[in-house]
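Close look at the chain arrangement
Each chain, letter by letter, is given below.
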Amino acid sequence: MTQELRVPWDEDPGDLYEHAPCGYLTTLPDGTIVRVNETFLAWTGYDRSALVGRRRFRDLLSAGGKIYHETHYAPLLTMQDDVHEVAFDVVCADGKRLPTLVNSILGRDPDGLPRLIRTTILNATERRGYEQELLAARRAAEESELRVRALQQVVADLSAAPSAHEVAAAVVRAPAAAFDAASANVWLVDPDRDQLTAVATTNPTGPARDDIPRASSRPIAEIARHGELRVVRTVEEADRHFPELAATMRRTGFATVVLLPLTAGFAGEEIGAEVLGVLSFGFTEVRRLSDAELSVVRLLGHQAGQALDRARLYDDARRRETRAVFLAGTMRALEEVPRLMPRARTLVDRMVPEIAEWAAVRLQIGPAGLLADAGGPAPDPERLAERVALVVTNGKAELTDSGPDPDCAVLPLTAGGKVLGTLALRMAPGRRTAAAEAGFLHDLADRAGLALENARLYEQERAIARTLQRSLLAGDLPSDPRFAVETHYQAAAHDLEVGGDWFDAFLITQDKLAVVVGDVVGRGIDAATTMGQLRSAIRALASAEAGPARLLERLDRFVDRVESARMATVAYAEIDLSTNEMTYACAGHLPPLLTQPGGSPRYLLEGRSGALGSRAGKIARVEHRIQLSPGSRLLLYTDGLIERRNRRIDKGFEVLARTYAGRRDSPLPGLTAGLAESLVGRDHADDVCLLCLSLGTEERLERSIGADPMQIALLRKDLRGWLVSHDIDEESTQAVLLACSEAVANAIEHGYRNDPFGIVDVTATVTAGAVEVEVTDRGNWKNTPGGSTRGRGLKLIHQVMDHVNFDRTEGTTVTMRRTRREAR
């Protein structure tokens with residue numbers, strides 16, 4: 001049996017109720033307090049008389065407690081007759097709140113109706129504090145986890161950002177995600193211009209437009225210089241330290257601002273750390289950052305700085321690669337253009353806009369110099385001229401200017417220690433300065449200087465060689481009524497060096513004419529000199545008795561002593577002007593092309609042997625004789641006229657013969673130039689040399705020209721030679737030339753007004769008493785021959801000619817006759 005233990009003193013139930021370790025309340029069903037113990041009164045500071053019969057339990061609760069009492073506590077008590085550990089804040093007599101836990105029991109009468117409510121109230125102050133500590137710790141843990149996740153995301157974004165701007169875009173999003181910041185901005189340090197530039201922001205209006213010099217007193221610049229984190233907690237603090245920032249905070253509504261340097265270096269080390277940028281972010285309410293938050297902020301600055309450093313190294317490597325590719329491409333482009341000014345133009349065209357927005361090359365060549373520029377706008381010309389003169393004088397680059405155009409640079413173009421000219425440029429906006437690109441620009445200027453100097457030397461050598469060649473080419477061709485010679489030389493368009501193509505025509509005796517076309521192996525001054533030696537040797541070795549074969553044999557012995565003449569090719573012909581017999585020989589040269597009156601062009605394929613000094617095949621040279629008719633034309637030419645890399649040489653022979661046949665009736669003047677224009681044009685890769693010999697006097701002159709007024713002068717020259725060869729007096733010659741020119745001009749203007757492909761035929765005959773000329777076109781005249789158009793020309797024709805007749809049966813034929821002076 002368990003016996004009840006008895007204390008040695010008597011317990012007073014009333015005292016136990018009044019001084020229990022909890023508060024007791026007895027209330028009516030409507031909550032009116034009818035009894036309360038001393039413990040509750042001591043906790044709350046109320047007098048018993050102020051509560052009993054005067055206040056209800058819910059009257060002692062806070063506003064939130066009253067609502068909970070009505071919506072939860074009272075209904076549960078009515079349904080369950082008891083409630084346990086309901087938390088209420090009791091409002092004490094002095095207005096303070098007492099955290100409590102309430103347990104209530106509803107007592108009922110025998111009829112089951114509510115009678116009273118007994119309530120115990122426990123003081124929960126310490127428990128509430130503990131709970132708040134737990135909640136605060138939980139919130140701190142959640143916020144820390146949120147910041148860590150945000151930082152992890154930023155680190156992931158930074159690792160994938162290859163450029164500084166992409167790094168800034170990733171960093172500027174971090175403050176909102178990690179600290180719930182209202183806005184953030186990122187400035188990056190531009191070491192070339194010694195300033196900070198706003199590159200990223202979360203502000204919808206975009207980043208700031210102005211750049212901040214690093215030496216400025218503005219807060220962003222101070223953070224960049226000192227590299228220390230600064231938290232400006234209030235506007236008042238900003239007023240004391242950063243008045244300009246305080247004005248910005250008032251304007252934007254920020255209460256707290258954080259200025260964070262983005263540093264490259266080891267984490268936690270400020271000494272030696274390089275500031276690459278600044279991150280600023282603000283809060284609309286005063287915000288105190290905890291030590292943990294500040295640690296995360298510093299870590300963010302370090303991670304961002306490391307990413308910027310990586311991006312900078314990547315940008316430097318990519319820039320070096322791009323510059324190397326540009327230099328290599330530019331040098332290749334310059335090599336493809338051999339001439340000096342085209343090279344200078346190519347250089348500035350490649351620089352703009354890839355490197356600069358404006359560039360100019362000035363070369364100290366000639367009295368006025370040479371200039372090639374591109375892009376714009378150009379700098380002040382007077383200031384630029386001063387700087388160019390300074391660079392030319394001292395040979396040192398001027399990469400910056402203290403004047404109104406600081407980004408304009410002038411570099412010397414040097415070769416062999418001599419300043420050839422200058423390269424001036426202005427870097428494009430938003431790109432690195434010329435001072436920052438000094439190494440690249442010096443390299444470019446040095447290479448460009450050498451390339452331009454090479455072009456200058458090549459042009460100089462080309463000019464010397466071409467002058468030498470033209471001086472050695474036959475300029476004093478013989479003049480004789482029994483024959484006419486037309487020549488043409490055209491240098492290669494894509495080669496600075498001249499070739500060894502040449503021609504010559506000279507009288508061996510009074511009745512023997514020699515014509516020759518040759519081609520020396522090689523190019524340049526050596527080839528031109530060798531060509532001159534061969535030309536002189538042929539003139540010296542030619543004789544009335546030797547003949548072409550013997551001449552070539554003597555040339556073989558000559559080239560044994562002049563090695564540069566070996567493998568030269570020669571087409572040589574001698575014409576007996578008394579008999580019109582031609583003897584010719586070809587030493588490795590292309591065959592001559594002959595047309596005789598009424599016949600088709602044919603190649604002369606006999607009398608062939610190897611090139612001079614070739615020692616191939618038979619040593620003895622061969623020649624061939626052929627009888628020529630008066631009016632025959634012989635064409636000698638070099639390989640540049642017909643040889644092409646993309647076709648067989650047989651095709652070239654065919655094209656030449658067809659083109660020559662189409663010009664058979666063309667005037668001799670301009671014939672060789674016209675053939676060269678038709679077959680090779682101006683854009684050709686080899687020299688072209690032609691000589692055309694017209695032999696004897698044609699009894700009947702027949703010529704056809706295109707509907708081009710420029711052809712009239714050539715026709716006049718050809719017709720004059722023909723008239724002179726027939727001993728026509730000067731007065732009649734001038735009359736026939738004037739009338740024929742006017743008639744041809746009429747045919748072109750009226751008959752072929754809209755037809756540039758029309759043909760005008762001219763026929764001239766000579767009798768003992770007169771000269772008769774016919775001009776025929778097949779066009780559609782807009783005005784009758786006797787009309788007012790070109791009336792002066794028709795009057796002149798009637799005045800100078802003795803008989804004029806117009807026949808319009810098929811086209812228009814004008815027949816004109818002039819009586820010779822002897823028959824008048």
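Report follows, based on the coordinates. Remember, it's a predicted structure, so these values are computed and weren't measured experimentally. (Residues numbered from 1 in each chain as written. Predicted model: local features only at pLDDT ≥ 70, side-chain atom pairs only at ≥ 80, totals over all residues. Heavy atoms only, no water.)

A word on the state of the cysteines
Quick note on the threshold: In what follows, a disulfide is any cysteine sulfur pair within 2.5 Å.
A complete count under the given rule lists zero disulfides for this structure. Among the cysteines around Cys22, which has no disulfide bond, Cys92 carries the closest sulfur, lying 16 Å off.

Focus on the nonpolar core
The condition is simple: Each nonpolar core is a collection of buried residues, namely Ala, Val, Leu, Ile, Met, Phe, Trp, Tyr and Cys, held together in the definition by side-chain atoms within 4.5 Å. The cut-offs for exposure are 20% and 50% of the maximum accessible area for each residue type, with area from a 1.4 Å probe on protein chains only; residues under the lower value are buried, those over the upper are exposed, and the others partly exposed. Numbered from the N terminus, helices here are DSSP runs of H or I no shorter than four residues, and strands are runs of E no shorter than two. Residue contacts are counted whenever heavy atoms from the two residues lie within 4.5 Å of one another.
Within the largest apolar cluster, 37 residues are counted, with the highest numbers of intra-cluster contacts made by Val167, Val186, Leu279 and Phe281. At the level of elements, α5 (125-159), α6 (164-171), α7 (174-179), β6 (183-190), β10 (256-264), β11 (274-283) and α11 (291-336) are the ones that each hand at least two residues to this core. Broken down by element, this core gets its largest block of residues, eight residues, from α11. If near-sequence neighbours (up to four positions away) are discounted, Leu279 is found in contact with Val171, Val172, Pro175, Ala184, Asn185, Val186, Val258, Leu259, Leu260, Leu262 and Leu300. Ranked by size, the runner-up nonpolar core spans 35 residues in total, among them Ile355, Ala374, Ala434 and Ala455.

Some words on the pairing of strand β14 (residues 408-415)
To keep it simple, the criterion reads: Between any two strands, pairing holds if DSSP finds at least two bridges.
Counted residue by residue, β14 has seven buried out of eight residues, so it is predominantly covered. As paired elements, β14 and strand β15 (residues 418-427) share eight bridges and run antiparallel to each other. Along β15, the bridge assignment pairs Ala409 with Leu425. Connecting β14 to the next strand, β15, in antiparallel fashion are two residues, including Gly416 with a positive phi near 60 degrees.

Notes on the sheet that holds strand β13 (residues 370-375)
Heads up, the condition is: What counts as an axis is a line fitted to C-alpha atoms, over the stretch in contact for a helix, and the angles between N-to-C directions run from 0 to 180 degrees.
Strand order in this open sheet of four strands is β13-β12-β15-β14, and the pairing throughout is antiparallel. The sheet is open, and its two borders are formed by β13 and β14, each paired with just one other strand. Shown here is a sheet whose adjacent strand axes are inclined to one another by a mean of 15 degrees, direction ignored. Sheet analysis places strand β12 (residues 356-363) next to β13, joined by six bridges and oriented antiparallel. Bridging across to β13, Ala360 finds its partner in Asp373. Against the sheet, helix α13 (residues 381-394) makes contact with β12, β14 and β15, and its axis sits at roughly 35 degrees relative to β14, the strand it touches most.

Remarks on the pattern of salt bridges
So the rule is basically this: When a carboxyl oxygen of Asp or Glu is within 4 Å of a side-chain nitrogen of Lys or Arg, the pair counts as a salt bridge.
One pass over the full model with this rule turns up 41 salt bridges. A salt bridge links Arg214 to Asp194; the nearest nitrogen and oxygen atoms lie 2.9 Å apart. Of this pair, Arg214 sits in the loop between β8 (212-213) and α8 (219-226) while Asp194 is found in the loop between β6 and β7 (195-201), placing the two residues 20 residues apart along the sequence. Overall, the relative accessible area of 39% leaves Asp194 in the partly exposed class. Glu553 is paired through a salt bridge with Arg550; the nearest N and O atoms lie 4.0 Å apart. In this pair, Glu553 and Arg550 are both assigned in helix α16 (residues 547-561), three residues apart and thus about one turn of the helix distant.

Re the layout of surface pockets
The cut-off we apply is this: The pocket and cavity definitions rest on a 1 Å grid over protein atoms only: a 1.4 Å probe that fits but cannot leave marks a cavity, an open set with protein on both sides within 12 Å along at least five of seven lines marks a pocket, and residues lining either have an atom within 4 Å of a point. Grid points are joined across faces, edges and corners, and a volume is the space filled by probe spheres set on the points. Note on residue classes: Ala, Val, Leu, Ile, Met, Phe, Trp, Tyr, Cys and Pro are nonpolar, Asp, Glu, Lys and Arg are charged, and everything else, Gly too, is polar.
Of the pockets and cavities examined, the largest pocket occupies roughly 1,100 Å³. Lining the largest pocket are 30 residues, with His165, Asp190, Asp192, Arg319 and Arg432 sitting closest to its centre. Listed by contribution, the elements that provide at least two residues to the lining of the largest pocket are α6, β6, β7, β11 and α11. With eight residues, α11 is the single largest residue contributor to the lining of the largest pocket. Counted by class, the lining of the largest pocket contains eight nonpolar, six polar and 16 charged residues.

Points about the sheet that holds strand β26 (residues 688-695)
With antiparallel pairing, the five strands of this open sheet are ordered in space as β16-β26-β25-β21-β22. Pairing within the sheet leaves two strands with one partner each, and these edge strands are β16 (483-490) and β22 (602-603). Across eight bridges, the pairing between β16 and β26 is antiparallel. Each bridged residue has a counterpart across the sheet, and for Tyr489 the counterpart in β26 is Cys689.

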